[in-house]
Amino acid sequence: MQPENEFVQNLHEVFALFGPVRAQRMFGGYGIYHDGLMFALVADNMLYLKTDNLSRAAFEAQGLTPFEYVKNGKPIKMSYYLAPDEIFEDAEVAREWASLAYAAALRGRKP
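Read on for an overview of the structure. (Residues numbered from 1 in each chain as written. Predicted model: local features only at pLDDT ≥ 70, side-chain atom pairs only at ≥ 80, totals over all residues. Heavy atoms only, no water.)

It is worth spelling out a negative patch on the surface at this point. A surface patch of negative charge is lined by Asp85, Glu86, Glu89, Asp90 and Glu96. Along the chain, aspartate 90 turns up in the loop between strand 6 (74-82) and helix 3 (91-108). (Patch = residues over 30% accessible without salt bridge, like charges linked within 9 Å, V, L, I, M, F, W, Y side chains within 5 Å. Areas by Shrake-Rupley, 256 points an atom, 1.4 Å probe, with all protein chains shown as cover. Salt bridge = Lys/Arg side-chain N within 4 Å of Asp/Glu carboxyl O. Lys, Arg positive; Asp, Glu negative; His and termini not counted. Charge placed at Lys NZ, Arg CZ, Asp CG, Glu CD. Helix = DSSP H or I, 4+ residues; strand = E, 2+ residues; numbered from the N terminus.)

The structure is reproduced here in structure tokens:
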């Protein structure tokens, strides 16, 4: 298994107030998990947080954009939005945004 890169390793500290996180390699990036549930992803050393219909407006109000990739020549937007830069500077802000993303992931869980 390939070791975490420095950006991903730093997320353990960023989310310290939120709780323990685990990174898992996937599709050239990483899924970021808390209590066994993916609430964030890292692609090209950019952090994206899980959203849903209840939380998306908070991300859009900050001008944050969704994670997007191209499949068969068409852009596909996912339910993960770019994390605000402030989470890397303020542990309390990181906890708030991580909690918002984790709640969206909980709501999206299949029974």
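What follows continues from the structure just given.
This part takes up the sheet that holds strand 3 (residues 37-43). A sheet is described by the order of its strands in space; here 6 strands give the open sequence 1-2-3-4-6-5, paired in antiparallel fashion. Each having just a single partner strand, strand 1 (22-26) and strand 5 (66-71) make up the two edges of the open sheet. Across the sheet, the axes of successive neighbouring strands diverge by a mean angle of 40°, strand direction being ignored. In the sheet, strand 5 pairs with strand 6 via 5 bridges, with the strands oriented antiparallel. (Pairing = 2+ DSSP bridges. Axes fitted to C-alpha atoms, helices over the stretch in contact; angles between N-to-C directions.)

On the secondary structure map, leucine 49 appears in strand 4 (residues 46-50). For the pair leucine 49 and alanine 23, spaced 26 residues apart in sequence, the C-alpha to C-alpha distance is 13 Å.

The subject of this paragraph is helix 3. Here helix 3 is 18 residues long and its end C-alpha atoms lie 25 Å apart, about the 26 Å a rise of 1.5 Å per residue gives. Looking only at helix 3, the buried set comprises Val93, Ala94, Trp97, Ala98, Ala101, Tyr102, Ala104 and Ala105. Angular distribution of buried residues about the axis of helix 3 spans 160°; they occupy a single face of the element. Of the residues that open helix 3, the one with a side-chain oxygen 2.9 Å from the backbone nitrogen of glutamate 92 is aspartate 90. (Expected span 1.5 Å × (residues − 1). Buried < 20%, exposed > 50% of the residue type's maximum accessible area, 1.4 Å probe, protein only. Arc of directions from axis to C-beta. Polar contact = N/O pair within 3.5 Å; in protein donor to acceptor, adjacent residues only side chain to side chain.)

All right, on to the side chain of histidine 34 then. Following the sequence through the fold, histidine 34 ends up in strand 2 (residues 29-34). Taking the relative accessible area as the measure of exposure, histidine 34 reaches 8% and is therefore buried. In this structure the side chain of histidine 34 is engaged in a polar contact, spanning 3.5 Å, whose partner is the side chain of aspartate 35.

Moving on, we come to the packing of aromatic side chains. For the coordinates displayed, the defined rule picks out 9 aromatic pairs. Centre to centre, the rings of phenylalanine 15 and phenylalanine 39 are 5.5 Å apart; their planes meet at 70°, and the pair counts as edge-to-face. Of this pair, phenylalanine 15 sits in the loop between helix 1 (6-14) and strand 1 while phenylalanine 39 sits in strand 3, and the two are 24 residues apart along the sequence. Across the pair, phenylalanine 39 and phenylalanine 15 agree in class, each one buried. Above the ring of tyrosine 33, the side-chain terminus of arginine 22 is found at 4.6 Å from the ring centroid. (Phe/Tyr/Trp six-rings, centres within 6.5 Å; stacked < 30°, edge-to-face > 60°. Lys NZ or Arg CZ within 6 Å of the ring centre and 35° of its normal.)

The next subject is unusual backbone geometry. Of note, the phi angle at asparagine 45 is positive, near 55°, even though the residue is not glycine. Of note, asparagine 45 is situated in the loop between strand 3 and strand 4. For asparagine 45, a relative accessible area of 41% corresponds to the partly exposed category. With a phi close to 55°, asparagine 72 is a non-glycine residue in the positive phi region. Inspection of the secondary structure assignment puts asparagine 72 in the loop between strand 5 and strand 6. For asparagine 72, a relative accessible area of 74% translates into the label exposed.

From the geometry alone we can't say anything about function, so treat these as descriptive.
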